[in-house]
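As a plain string of letters, each chain reads:
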Number of protein chains: 8
Amino acid sequence: MIEAFVLVVVKPGTEEKVYNALAKEEKIKEIYRVYGEYDVIIRVEVENIHELDRFHDETLRKISNIEMTETLIASSYRG
Amino acid sequence: MIEAFVLVVVKPGTEEKVYNALAKEEKIKEIYRVYGEYDVIIRVEVENIHELDRFHDETLRKISNIEMTETLIASSYRG
Amino acid sequence: MIEAFVLVVVKPGTEEKVYNALAKEEKIKEIYRVYGEYDVIIRVEVENIHELDRFHDETLRKISNIEMTETLIASSYRG
Amino acid sequence: MIEAFVLVVVKPGTEEKVYNALAKEEKIKEIYRVYGEYDVIIRVEVENIHELDRFHDETLRKISNIEMTETLIASSYRG
Amino acid sequence: MIEAFVLVVVKPGTEEKVYNALAKEEKIKEIYRVYGEYDVIIRVEVENIHELDRFHDETLRKISNIEMTETLIASSYRG
Amino acid sequence: MIEAFVLVVVKPGTEEKVYNALAKEEKIKEIYRVYGEYDVIIRVEVENIHELDRFHDETLRKISNIEMTETLIASSYRG
Amino acid sequence: MIEAFVLVVVKPGTEEKVYNALAKEEKIKEIYRVYGEYDVIIRVEVENIHELDRFHDETLRKISNIEMTETLIASSYRG
Amino acid sequence: MIEAFVLVVVKPGTEEKVYNALAKEEKIKEIYRVYGEYDVIIRVEVENIHELDRFHDETLRKISNIEMTETLIASSYRG
């Protein structure tokens, strides 16, 4: 299994809309609306890197007003 | 109360227009047109972080030609 | 209470060391070693913004090899 | 007269120290400790661009732990 | 001959589409879909810098959904 | 008099078009098409900062396909 | 197997030195000295993400004058 | 012949020193001290890309306090 963070920049003024749209997606384990260089942070869990491809090509593609995403794949975790 | 700076990048050539539109907003305490990586700097005062959300979702959303905003929340101030 | 993410860049080659040092800190709720523009992502919970100041001035200061941090304060969360 | 903002990045953990050192400088009209891509924002007023040069070469040079500065010169202001 | 890498950022959700469109171009020697600050990396070989101009003005121009490219010209290579 | 550089990013594939359109403007003293994080570099000479404002609001506004500009005001020069 | 690109920024003036040091490493399949936002691009092949961790913690750690690395993990390839 | 711009970031407070040191170099045709994301802009003319390598490895290496350089190779010019 792969854990990844997606740092999301949205069209200014659509932060709440995008946050709500993303919150309905099952692959997304956590979602935060944040202030700074990025607007939304999501944490996803996928089986492998090809499912991560599909998450971008299918899930994120449907959501309007996302201007940029930057995906960080995690190699270790402690919580 | 929260003080925050919003660093704004606009569509090239619309700097004056966006500056004038923002200057009419009450929540904005100060506004500067600047040269460099950003085009406009605004300082806002809001009651709490949810009012900062509303400032983005309602006030900034109405202003055309804003391409990117980056919000820096202040923890201390001396002037 | 404030939730924040700290995106961390470390001196190349010290990723594991910094990750292990951060993992011992109590204020840090989750910590991920990641690949991309940043090397480590941490999620912290603090009482208010002044405790966030202290987290930087005291906790992060003790950890060697951190080159840059960028802190994103969250306004909403769903998990 | 020139008004300028200096966005400052400091060595992680020295935010409070740098903020306090800068707060003593006369040319600095306002100073904020902030969260995000930058750590401190200062607003300066200088007579002309050569005094801005001196502000960097003399005033900022004395302050330890500043890692990066980015100066934005303002052309208009409303407050 | 000039070897260059083009780091490509695409409209979110169109990664696979752009990757497939680029893969058909003859000047492109290698193409990778990647995760991080960029979405696709391509390696091109051209005769000289004016052919590199034409690669951008003609080849890349035809491909929809490319939002940003950053071209790095190589001076040495070992493989 | 103020000398300034404007670093320009254009819509991918329109580099030559934007370069040719800018080359016709009188305020622009030099113009280079370049490879890297930016696509075009221009050097302008203006009387004062308000004429620099007008250069952006009037001259750059007319040129299609400019996606971002970053203006660096010079304080000293040797050539 | 994982393929990844590592974009490397070095201390100015040490480009050739770092390039030569990296060229001796077996995990590195290709290495380019480049001009732009980054100075060296390397392509590595590793068995899994924990070997990628070790590549950073052991191989890159030994090389002096590397200031920053940004690793992009590839999901697809055509050459 | 290759024309290139080198965008230079220096250690804060050493802008004048670095500017003066660079101004003595023969390969540098023009040099500007600037305000914004970069501190100094230089324009160089070299015979070919290997001479550009040597310019970095020999000329820039001798100059203290340069923290980062980003080199943009020009393909066309009008002045």
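Up top is the structure.
Parameters at a glance
Residues numbered from 1 in each chain as written. Chains lettered and ligands numbered in written order. Predicted model: local features only at pLDDT ≥ 70, side-chain atom pairs only at ≥ 80, totals over all residues. Heavy atoms only, no water. Least-squares fit on C-alpha atoms with pLDDT ≥ 70 in both. Contact = heavy atoms within 4.5 Å. Buried area = accessible area lost by both parts, 1.4 Å probe. Salt bridge = Lys/Arg side-chain N within 4 Å of Asp/Glu carboxyl O. Polar contact = N/O pair within 3.5 Å; in protein donor to acceptor, adjacent residues only side chain to side chain. Helix = DSSP H or I, 4+ residues; strand = E, 2+ residues; numbered from the N terminus. Nonpolar A, V, L, I, M, F, W, Y, C, P; charged D, E, K, R; others polar. Pairing = 2+ DSSP bridges.

Glancing now at the relation of the copies chain A and chain C. Superposition record for chain A on chain C: RMSD 0.0 Å, screw rotation 180°, translation along axis 0.0 Å. What the superposition gives is, in effect, a two-fold axis relating one chain to the other.

What follows is about the arrangement of the chains. Without any contact between them, chain B and chain G keep their closest C-alpha atoms 16 Å apart. Note that chain C does not reach chain H: the shortest distance linking a C-alpha of one to a C-alpha of the other is 14 Å.

Let's shift gears to the interface of chain B and chain F. Put simply, an interface is often sized by how much accessible area is lost when its parts join up. Facing 10 residues of chain B, the contacting portion of chain F comprises 13 residues. Contact with chain F buries area across many residues of chain B, yet Pro-12, Gly-13 and Tyr-35 of chain B alone supply 53% of it, more than any other trio. Counting every contact that joins chain B to chain F gives 2 salt bridges. With a closest N to O distance of 2.9 Å, Arg-33 of chain B and Asp-57 of chain F form a salt bridge. Linking chain B with chain F are 5 residue pairs in polar contact (both at pLDDT 80 or more). Secondary-structure elements contributing two or more residues to the side of chain B that touches chain F are α1 (15-23) and β2 (28-35) of chain B. Grouping the constituent residues of the side of chain B that touches chain F by class yields 2 nonpolar, 2 polar and 6 charged.

Now for the interface of chain A and chain C. Taken together, the contact pairs 28 residues of chain A with 28 residues of chain C. At the surface where chain A touches chain C, the tally comes to 17 residue pairs in polar contact (both at pLDDT 80 or more). Breaking the side of chain A that touches chain C down by element, the ones donating at least two residues are β1 (2-10), α1 (15-23), β2 (28-35), β3 (40-46) and β4 (66-78) of chain A. Residue contributions to the side of chain A that touches chain C peak at 9 residues, all from β4 of chain A. Across the side of chain A that touches chain C, the residue classes break down as 14 nonpolar, 6 polar and 8 charged. Alignment of β4 of chain A against strand β2 (residues 28-35) of chain C, held across 5 bridges, turns out to be antiparallel. Bridge pairing links Arg-78 of chain A to Ile-31 of chain C in β2 of chain C.

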